[in-house]
2 protein chains.
Amino acid sequence: MIQDRMMEMTELFSDAYFMREALKEALRAYDAGEVPVGAVVVCEQRIIARGHNLTECLNDVTAHAEMQAITAAANHLGGKYLNQCTLYVTLEPCTMCAGALYWARPGKLVYGAADDKRGFTLVPAPLLHPKTIVTKGVEAQAVTQMMQSFFSAKRRHL
Amino acid sequence: MIQDRMMEMTELFSDAYFMREALKEALRAYDAGEVPVGAVVVCEQRIIARGHNLTECLNDVTAHAEMQAITAAANHLGGKYLNQCTLYVTLEPCTMCAGALYWARPGKLVYGAADDKRGFTLVPAPLLHPKTIVTKGVEAQAVTQMMQSFFSAKRRHL
């Protein structure tokens with residue numbers, strides 16, 4: 001019985017579960033006319049910070065989802081380093097966000113779809129902190145669908 | 001006579017002049033116990049934004065001088081892109097800040113001393129926007145002296 005409940009909890013707090021929470025943040029960006037990228041920071045299976053892309057709304061190129069989430073998580077923890085945390089983000093981080101993750105040192109980074117244009121893995125050098133473990137491709141199809149839907153709607157309005 | 005005054009103005013608004021303004025910002029960081037890095041953004045020979053490192057004060061790894069200055073400049077201009085601007089920063093930007101500069105697209109980046117540990121030029125790929133011209137080594141000695149003074153004082157207090 002207890003084993004069953006533990007199994008259920010393990011499934012509940014899976015990478016896919018938290019990525020779907022990041023997708024909810026991406027949807028908020030989508031609805032605000034922003035490129036739909038969302039992020040959450042998780043510490044001991046609790047979401048301690050959320051963020052979504054606000055570059056248009058704030059008129060600020062630095063306002064990516066990850067940057068918002070890193071700042072909010074550090075604020076919550078009262079410390080700059082996120083080594084006990086996992087950052088979930090729907091799209092592969094760009095070099096700016098990977099550079100920020102280097103400084104923030106999360107224990108784990110999980111991202112959904114790859115970014116073939118500005119993703120940090122296109123740079124032939126390690127940009128993240130060496131102690132950050134990376135998992136990719138989680139809920140990637142849902143992310144890709146949301147991105148495609150956003151950009152095809154944008155094109156229709158041009 | 002007019003030529004003399006124009007010559008004076010040209011000297012007044014040199015890269016060294018604006019770098020000394022960035023150094024004033026770095027000194028503010030120094031006095032607050034922050035790693036002393038300062039930046040200014042210049043548009044049509046006017047300083048439209050200033051920033052200095054606030055990572056300790058704000059408990060936020062993303063609060064580098066360049067990030068503050070980019071956000072403040074965009075706020076001043078009412079637009080995200082800094083293509084008409086020059087960003088002066090005392091120390092070579094890290095990969096995070098170079099990534100932010102990619103998105104902000106300043107016409108020119110001027111930095112003082114090289115950062116042999118985290119400088120963006122250590123990455124074997126172009127991180128800045130291709131339209132951003134780079135000048136380096138301006139007032140580098142003053143920057144290096146300030147950095148050395150800061151870190152040797154830190155070591156004495158350990």
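All figures in this text were calculated on a predicted structure; none of them were measured in a lab.

Enquirer: Residues and numbers for the overall build of chain A, please.
Expert: What chain A contains, in helices and strands, is six helices and five strands. What you see in chain A, going N to C, is helices and strands ordered as α-α-β-β-α-α-β-α-β-β-α. Relative to the 2.2 N^0.38 estimate, which gives 15 Å for 158 residues, the radius of gyration of chain A is 16 Å and therefore close to what a compact globule would have. Expressed along its principal axes, the backbone C-alpha trace of chain A runs to roughly 55 × 35 × 30 Å. Partitioning the intrachain contacts of chain A with sequence separation of at least 6 by distance along the chain shows that 58% fall at a separation of at least 24. As presented, chain A carries roughly 8200 Å² of accessible surface, and 53% of it is formed by carbon and sulfur atoms.

Enquirer: Before we move on, could you go through the sheet that holds strand E2 (residues 46-52) of chain B and cite the residues and values that matter?
Expert: Residues and elements named next belong to chain B. With respect to topology, five strands assemble into an open sheet ordered E2-E1-E3-E4-E5, the strand pairing being mixed. For this open sheet the edge positions go to E2 and strand E5 (133-136), each flanked by a neighbour on one side alone. With direction set aside, neighbouring strand axes in the sheet form an average angle of 15 degrees. Relative to E2, helix H4 (residues 65-77) is tilted by about 145 degrees, and along the sheet it contacts strand E1 (38-43), E2 and strand E3 (85-91).

Enquirer: Just give me the short version of the sheet that holds strand E4 (residues 108-113) of chain A, but keep the residues and values in it.
Expert: Residue and element names in this part refer to chain A. Ordered by their spatial adjacency, five strands build an open sheet running E2-E1-E3-E4-E5, and the pairing between neighbours is mixed. Every interior strand has two partners, whereas the edge strands, strand E2 (46-52) and strand E5 (133-136), have only one. Sheet twist, expressed as the average angle between the axes of neighbouring strands with direction ignored, equals 15 degrees. With four bridges connecting them, E4 and E5 associate as parallel partners. Looking across to E5, one finds that Lys108 is bridged to Ile133. Along the sheet, helix H2 (residues 15-31) contacts strand E1 (38-43), E2, strand E3 (85-91), E4 and E5; its crossing angle with E1, the most-contacted strand, is approximately 140 degrees.

Enquirer: Just give me the short version of the state of the cysteines, but keep the residues and values in it.
Expert: Residue and element names in this part refer to chain B. Applying the stated criterion across every chain, the model contains zero disulfides over all chains. Here Cys57 stays unpaired: no disulfide links it, and the sulfur of Cys97, its closest cysteine neighbor, is 17 Å away. For the unlinked cysteine Cys94, the closest cysteine sulfur is that of Cys97, found at 3.9 Å. Exposure remark for Cys94: the relative accessible area of 6% places this residue in the buried category.

Enquirer: Outline the environment of Asp115 of chain B, listing residues and values.
Expert: All names here are of chain B. Following the sequence through the fold, Asp115 ends up in the loop between strand E4 (108-113) and E5. Residues Asp115 and Cys94, 21 residues apart in the sequence, show an inter-C-alpha distance of 7.9 Å. In contact with Asp115, not counting residues within four places along its chain, are Leu91, Glu92 and Leu122.

Enquirer: Summarise the relation of the copies chain B and chain A; cite the residues concerned and give the values.
Expert: When chain B is fitted to chain A, the residual RMSD is 0.0 Å, and the transformation amounts to a turn of 180 degrees plus an axial shift of 0.0 Å. Both copies are brought into coincidence by an operation consistent with a two-fold rotation axis. Taking the C-alpha atom as reference, chain B places Met96 of chain B closest to the rotation axis, 2.0 Å from it.

Enquirer: Quick one: what's the story with the interface of chain B and chain A, residue by residue and with numbers?
Expert: Listed per partner, the contact involves 27 residues of chain B and 27 residues of chain A. When the two sides are added together, the surface that chain B and chain A hide from each other amounts to roughly 2400 Å², 66% of it contributed by carbon and sulfur. Taken as a group, Val61, Lys80 and Trp103 of chain B account for 28% of the area that chain B buries against chain A, more than any other trio of residues on that side. Taken together, the links from chain B to chain A amount to two salt bridges. Linking Glu56 of chain B and Lys80 of chain A is a salt bridge whose minimum nitrogen-to-oxygen distance equals 2.7 Å. Joining chain B to chain A, the criterion identifies eight residue pairs in polar contact (both at pLDDT 80 or more). Listing elements by their share of the side of chain B that touches chain A, those giving two or more residues are helix H3 (55-58), H4 and helix H5 (95-104) of chain B. Considering only residue class, the side of chain B that touches chain A consists of 14 nonpolar, nine polar and four charged.

Enquirer: Any chance you could break down the confidence of the model for chain A for me, citing the residues and the numbers?
Expert: Here chain A averages 94 in pLDDT, while 94% of its residues score no lower than 70. Confidence metrics for the complex model read pTM 0.93 and ipTM 0.92.

How each quantity is defined
- Residues numbered from 1 in each chain as written.
- Chains lettered and ligands numbered in written order.
- Predicted model: local features only at pLDDT ≥ 70, side-chain atom pairs only at ≥ 80, totals over all residues.
- Heavy atoms only, no water.
- Helix = DSSP H or I, 4+ residues; strand = E, 2+ residues; numbered from the N terminus.
- Rg over C-alpha atoms; globule rule 2.2 N^0.38 Å.
- Contact = heavy atoms within 4.5 Å.
- Areas by Shrake-Rupley, 256 points an atom, 1.4 Å probe, with all protein chains shown as cover.
- Pairing = 2+ DSSP bridges.
- Axes fitted to C-alpha atoms, helices over the stretch in contact; angles between N-to-C directions.
- Disulfide = S-S within 2.5 Å.
- Buried < 20%, exposed > 50% of the residue type's maximum accessible area, 1.4 Å probe, protein only.
- Least-squares fit on C-alpha atoms with pLDDT ≥ 70 in both.
- Buried area = accessible area lost by both parts, 1.4 Å probe.
- Salt bridge = Lys/Arg side-chain N within 4 Å of Asp/Glu carboxyl O.
- Polar contact = N/O pair within 3.5 Å; in protein donor to acceptor, adjacent residues only side chain to side chain.
- Nonpolar A, V, L, I, M, F, W, Y, C, P; charged D, E, K, R; others polar.
- pLDDT = per-residue confidence, 0-100.

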